[in-house]
Amino acid sequence: MSFTTHILPVLLFAILGILTGALLTIISKVFEVKVDERIEQISEALPQANCGACGFAGCGDYANAIVTKGVPTNLCKPGGADASTKISEIMGTIAEESTPECAVVHCNGTCEASSKKFDFIGVDSCVSAKRFYGGTGACTYGCLGLGDCIKVCEYGAISIVDGIAKVDKSKCVACGKCTKACPNGIISIKKISNHVDVLCSSHDNGKNTVTACKNGCIGCKMCEKKCPNGAITVENFCAKIDYSKCTSCGECITACKRGAIKSCLQLQNVTETSKV
C-alpha cells in the first residue's frame, strides 16, 4: 500500500475535518445568540394550546414576546389566572388580573322555533352544509347544528342541544377556536361577568325573520328604547350590545317579546337541564 496514494489522502481529509470542526465550534461560540432561559420557563407554564387567543402565533411566540417586548402576562385565556400568576413569578412582577371569558353562540333557533328547508346528506360538516343554499335551516344566519365547533373544542365545552350549539361556561376557556370554525360567524368571546346576550344573528327584515324563526330578532328596537344605559342598539335589523355600557339590568330581556335576548345564567340552566 503506497503512503502517497492511499494513506496521505486519508490523513489530509482527517486533519481537514478536525480543523473544520474546530473552526465551526469557535464560530458558533463567537456568534452564539444567548436565549433568555425565562422564555422556556414561561413557555412551559403555558397550556400549549397554541390557539392564538393571546394575539400571537403560539405559546412559544407569546413567551418570547413577554420577555423581549414586555407584553402583559395575562393574555393567555386557556391558562387563565394560574398561568398569569406563574408567568409573573418568573418575570418577578406583580400578577396582572385575568378576566374570565367564555364563548357565546348568537342563535336561539331551536328545533321548535325554526325549521329545515331540506335534509342534508353530504359531509357531516357545517362548512359543507353552508355551501348548499346557505345551509339546511330556514334562517341562513343561524347555527347549522353539525358541530364544527365541537370538533375543534379541546375542552368538551360545546354540545348540540335542541339543534343548536350550546356552551358550558364552566368548561370553556375562551380559546376562540370555535369562533374560527363557525362558517356563519355566530360565536363570539365575551367576559363571563356580562350576563346578557343577543341570541340572534339574522339581518333579514322583520317579516322574513318571523317566517324563518320564532325566536329571531325583528329589529323592532323595543330593547333599544328600554335600555337605561344606551348599551343596546339595532343595526341592520339585529340588536347589538355594547358591553362597556351594559350593566346586565335585564330591561332588554323583558322588552324583547321574541326571546332573542337572554341572560347567560338562564342559558346555563337550560344546558345543564338538557344534559340530565
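Residues numbered from 1 in each chain as written. Predicted model: local features only at pLDDT ≥ 70, side-chain atom pairs only at ≥ 80, totals over all residues. Heavy atoms only, no water.

### Observations regarding the overall build of the protein
Turning to step 1, where the next piece is worked out: Looking only at helices and strands, the protein features eleven helices and eight strands.
Turning to step 2, where the next piece is worked out: For 276 residues, the compact-globule formula gives about 19 Å, and the C-alpha radius of gyration of the protein, at 28 Å, lies well above that figure.
Turning to step 3, where the next piece is worked out: Along the longest, intermediate and shortest principal axes, the C-alpha atoms of the protein span 100 × 50 × 40 Å.
Turning to step 4, where the next piece is worked out: A buried classification covers 40% of the 276 residues belonging to the protein.
Turning to step 5, where the next piece is worked out: If you take every contact in the protein between residues at least 6 apart in sequence, the share linking residues at least 24 apart comes to 58%.
Turning to step 6, where the next piece is worked out: Looking at the protein as shown, the accessible area adds up to about 15,600 Å², and 58% of this sits on carbon and sulfur atoms.
Turning to step 7, where the next piece is worked out: Distance between charge centroids for the protein: 8 Å, based on 29 positive and 25 negative side chains. (Helix = DSSP H or I, 4+ residues; strand = E, 2+ residues; numbered from the N terminus. Rg over C-alpha atoms; globule rule 2.2 N^0.38 Å. Buried < 20%, exposed > 50% of the residue type's maximum accessible area, 1.4 Å probe, protein only. Contact = heavy atoms within 4.5 Å. Areas by Shrake-Rupley, 256 points an atom, 1.4 Å probe, with all protein chains shown as cover. Lys, Arg positive; Asp, Glu negative; His and termini not counted. Charge placed at Lys NZ, Arg CZ, Asp CG, Glu CD.)

### Re a nonpolar patch on the surface
Turning to step 1, where the next piece is worked out: There is a patch of nonpolar side chains on the surface, built from Ile 7, Leu 11, Ile 15 and Leu 19 and spanning about 350 Å² of accessible area.
Turning to step 2, where the next piece is worked out: Inspection of the secondary structure assignment puts Leu 19 in helix α1 (residues 3-30). (Patch = residues over 30% accessible without salt bridge, like charges linked within 9 Å, V, L, I, M, F, W, Y side chains within 5 Å. Salt bridge = Lys/Arg side-chain N within 4 Å of Asp/Glu carboxyl O.)

### Focus: unusual backbone geometry
Turning to step 1, where the next piece is worked out: The backbone of Asp 162 sits at a positive phi, close to 55 degrees, despite the residue not being glycine.
Turning to step 2, where the next piece is worked out: For Asp 162, the position within the fold is in the loop between β2 (158-161) and β3 (164-167).
Turning to step 3, where the next piece is worked out: Judged by its relative accessible area of 40%, Asp 162 is partly exposed.

### Let's talk about helix α4 (residues 80-91)
Turning to step 1, where the next piece is worked out: With twelve residues, α4 ought to run about 16 Å at 1.5 Å a step, and its terminal C-alpha atoms sit 17 Å apart, in line with that.
Turning to step 2, where the next piece is worked out: Buried positions along α4 lie against α2 (37-45) and α3 (59-69).
Turning to step 3, where the next piece is worked out: Gly 92 sits one or two residues past α4 and shows a positive phi near 70 degrees. (Expected span 1.5 Å × (residues − 1).)

### Regarding the side chain of Asp 148
Turning to step 1, where the next piece is worked out: Along the chain, Asp 148 turns up in helix α6 (residues 148-152).
Turning to step 2, where the next piece is worked out: Judged by its relative accessible area of 9%, Asp 148 falls in the buried class.
Turning to step 3, where the next piece is worked out: Aside from chain neighbours lying at most four places away, what touches Asp 148 is Ser 125, Cys 126, Val 127 and Ala 181.

### Notes on the packing of α2 against α4
Turning to step 1, where the next piece is worked out: Put simply, α2 and α4 touch, their axes get as near as 9 Å, and they point 165 degrees apart. When the axes of α2 and α4 are compared, the pair comes out roughly antiparallel. For the pair α2 and α4, the crossing hand works out as right-handed. Of the residues in α4, those in contact with Arg 38, Gln 41, Ile 42 and Ala 45 of α2 are Ala 83, Lys 86, Ile 87, Ile 90 and Met 91.
Turning to step 2, where the next piece is worked out: A class-by-class count of the residues in the contact of α2 with α4 yields six nonpolar, one polar and two charged. (Axes fitted to C-alpha atoms, helices over the stretch in contact; angles between N-to-C directions. Parallel < 35°, antiparallel > 145°, perpendicular 65-115°, else oblique. Left-handed = near helix turned anticlockwise from the far one by under 90°. Nonpolar A, V, L, I, M, F, W, Y, C, P; charged D, E, K, R; others polar.)

### Focus on the side chain of Ser 263
Turning to step 1, where the next piece is worked out: Relative to the helices and strands, Ser 263 is located in strand β8 (residues 261-263).
Turning to step 2, where the next piece is worked out: Ser 263 gets classed as buried once you look at its relative accessible area, which sits at 12%.

### Things to note about α2
Note that an α-helix has 3.6 residues per turn; residues three or four places apart therefore point the same way.
Turning to step 1, where the next piece is worked out: Those residues of α2 not exposed but buried are Ile 39, Ile 42, Ser 43 and Ala 45. Each buried residue of α2 sits inside an arc of 160 degrees when the element is viewed along its axis, so together they form one side. For α2, the exposed residues lying more than 90 degrees away from the buried face are Glu 37, Glu 40 and Glu 44. (Arc of directions from axis to C-beta.)

### Concerning the packing of aromatic side chains
Turning to step 1, where the next piece is worked out: Here the structure, examined in full by the defined rule, presents three aromatic pairs.
Turning to step 2, where the next piece is worked out: Consider the rings of Phe 118 and Tyr 133, whose centres lie 6.4 Å apart with planes at 80 degrees: the pair is edge-to-face. A residue pair is termed long-range when its members are at least 10 positions apart, and Phe 118 in the loop between β1 (101-105) and α5 (126-130) and Tyr 133 in the loop between α5 and α6 qualify at 15 residues. (Phe/Tyr/Trp six-rings, centres within 6.5 Å; stacked < 30°, edge-to-face > 60°.)

### Considering the environment of Ser 170
Turning to step 1, where the next piece is worked out: Note on placement: Ser 170 falls in the loop between β3 and α7 (177-181).
Turning to step 2, where the next piece is worked out: Only 2.5 Å separates the side chain of Ser 170 from the side chain of Asp 168, close enough to count as a polar contact. (Polar contact = N/O pair within 3.5 Å; in protein donor to acceptor, adjacent residues only side chain to side chain.)

### Regarding the pattern of salt bridges
Turning to step 1, where the next piece is worked out: The tally for this structure, following the rule as stated, stands at five salt bridges.
Turning to step 2, where the next piece is worked out: A salt bridge links Asp 148 to Lys 151; the shortest N-O distance between them is 3.8 Å. Highlighted residues: Asp 148 and Lys 151, both in helix α6, separated by three residues, approximately one helical turn.
Turning to step 3, where the next piece is worked out: What makes Lys 151 exposed here is its relative accessible area of 55%.
Turning to step 4, where the next piece is worked out: Measuring nitrogen to oxygen at the nearest pair gives 2.9 Å for the salt bridge that ties Lys 190 to Asp 197.
Turning to step 5, where the next piece is worked out: The class of Lys 190 is buried, set by a relative accessible area of 5%.

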